[in-house]
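So you can see what is in the structure, the chains are spelled out below.
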Amino acid sequence: MKLKILVGTMTSTADYVAQAIQMDCADLVPDIDVQLMDGLDISTFDSAVEEDAIYLICTSTYGQGDVPDNARALYDSLDSQPKFLGHVRYGVIALGDRTYQQTFAFGGKKFDERLQGLGAQRIGDIWIHDASAGTLPETEGAAWCREWLALVLSSTPSTETA
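Described below are features of the structure shown in this document. Just so it is clear, the structure is predicted and the values come from calculations on it, not from any experiment. Sequence order as written defines the numbering, with residues in each chain counted from 1. Given that this is a predicted model, residues contribute local features only at a pLDDT of at least 70 and side-chain atom pairs are listed and counted only at 80 or more, while totals for whole chains, interfaces and linings are drawn from all residues. Only hydrogens and water are set aside when side-chain values are computed; all heavy atoms of the structure are taken into account.

So, about the environment of G124. The helix count covers DSSP runs of H or I at least four residues long, the strand count covers runs of E at least two residues long, and both are numbered beginning at the N terminus. Tracing the sequence through the fold places G124 in the loop between β5 (121-122) and β6 (127-130). Using a 1.4 Å probe on the protein chains alone, a residue whose accessible area is under 20% of its type maximum counts as buried, one over 50% counts as exposed, and one in between counts as partly exposed. Classification of G124 as partly exposed rests on a relative accessible area of 30%. Taking the C-alpha atoms as reference points, G124 and T99, 25 residues apart in sequence, are found 26 Å from one another.

Here it is as structure tokens:
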């Protein structure tokens, strides 16, 4: 199995979280690919089955509850180039700041809503980090991801044949 972490970020915080996961979870999933969302579109999910890939959307929230600028093309393509994504399994890390109650962690929540609308299968709950809590998203995100990956691995049918 391959873990593809797609990163939407303005200030690199989501990228730091993804890199911490890549380092901390290599014993669970040896093939972890961290990719900034820059220039991606819906076709990034096309190879999910052949690569035995699971996706982790790791994104901050920007402005008035928007996805980061580097994630805009991918996010918009989920509407402008819709196709059934029933073969896609994914999780979401949503970074936000609770002091913005009306739009808290909307970047990740918006991706989740669009992906589910296209038939993709979220595994587990969205993990949300609150920047105003004073905790490190890298540390907490990596710890959450270890638990999430255990859930993923227990729900993944074995592809081995006897």
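Having seen the model, we can carry on.
So, on to the state of the cysteines. Any two cysteine sulfur atoms lying within 2.5 Å of each other are counted as a disulfide. Using the criterion set out here, one finds 0 disulfides in the structure. Cysteine C25 is unpaired, with the sulfur of C145 as its nearest cysteine sulfur at 4.2 Å. On the basis of relative accessibility, which here comes to 0%, the residue C25 falls in the buried class.

This next bit is on helix α4 (residues 137-155). Here the expected length of a helix is defined as 1.5 Å per residue gap, with one fewer gap than residues. Its 19 residues give α4 an end-to-end C-alpha distance of 26 Å, which sits within 8% of 27 Å, the value for a rise of 1.5 Å per residue. Within α4, burial applies to P137, G141, A142, W144, C145, W148, L149 and V152. Looking down the long axis of α4, one finds its buried residues gathered within 170 degrees of arc, a one-sided arrangement. Of the exposed residues in α4, the ones pointing more than 90 degrees away from its buried face are T139, E147 and S154. We call two residues contacting when some pair of their heavy atoms lies within 4.5 Å. Packing partners of the buried residues in α4 comprise β1 (2-8), α1 (13-24), β3 (53-59), β4 (89-96) and β6. Throughout, the arc means that of the directions going from the helix axis to the C-beta atoms.

The subject of this paragraph is unusual backbone geometry. The backbone of S12 shows a phi angle near 80 degrees, a positive value even though the residue is not glycine. For S12, the position within the fold is in the loop between β1 and α1. Its identity as a non-glycine residue notwithstanding, A105 has a phi of 60 degrees, on the positive side.

Right, let's talk about the environment of V152 for a bit. Relative to the helices and strands, V152 is located in helix α4. Look at V152 and you get buried, because its relative accessible area is 0%. In sequence terms V152 and Y90 are 62 residues apart; their C-alpha atoms lie 9.1 Å from each other.

So, about the packing of aromatic side chains. Here a ring pair, both rings aromatic, is described through the centre-centre distance and the interplanar angle of the planes. Any Phe, Tyr or Trp ring, taking Trp's six-membered ring, that has another such ring centre within 6.5 Å forms a pair; planes under 30 degrees apart are called stacked, those over 60 apart edge-to-face, and the others tilted. For the structure on display, the rule yields 4 aromatic pairs. Judged by centre distance (6.2 Å) and plane angle (25 degrees), the ring pair of W127 and W144 falls under stacked. Of this pair, W127 sits in strand β6 while W144 sits in helix α4, and the two are 17 residues apart along the sequence. W144 shares its class with W127; the two are buried. Between W144 and W148, the aromatic rings sit 5.6 Å apart at their centres with planes inclined by 15 degrees, giving stacked as the arrangement. Separated by 4 residues within a single helix, W144 and W148 lie in helix α4, roughly one turn from each other. The burial state of W144 is the same as that of W148; both residues are buried. Here the aromatic cluster, defined as three or more aromatic residues joined through ring pairs, consists of W127, W144 and W148.

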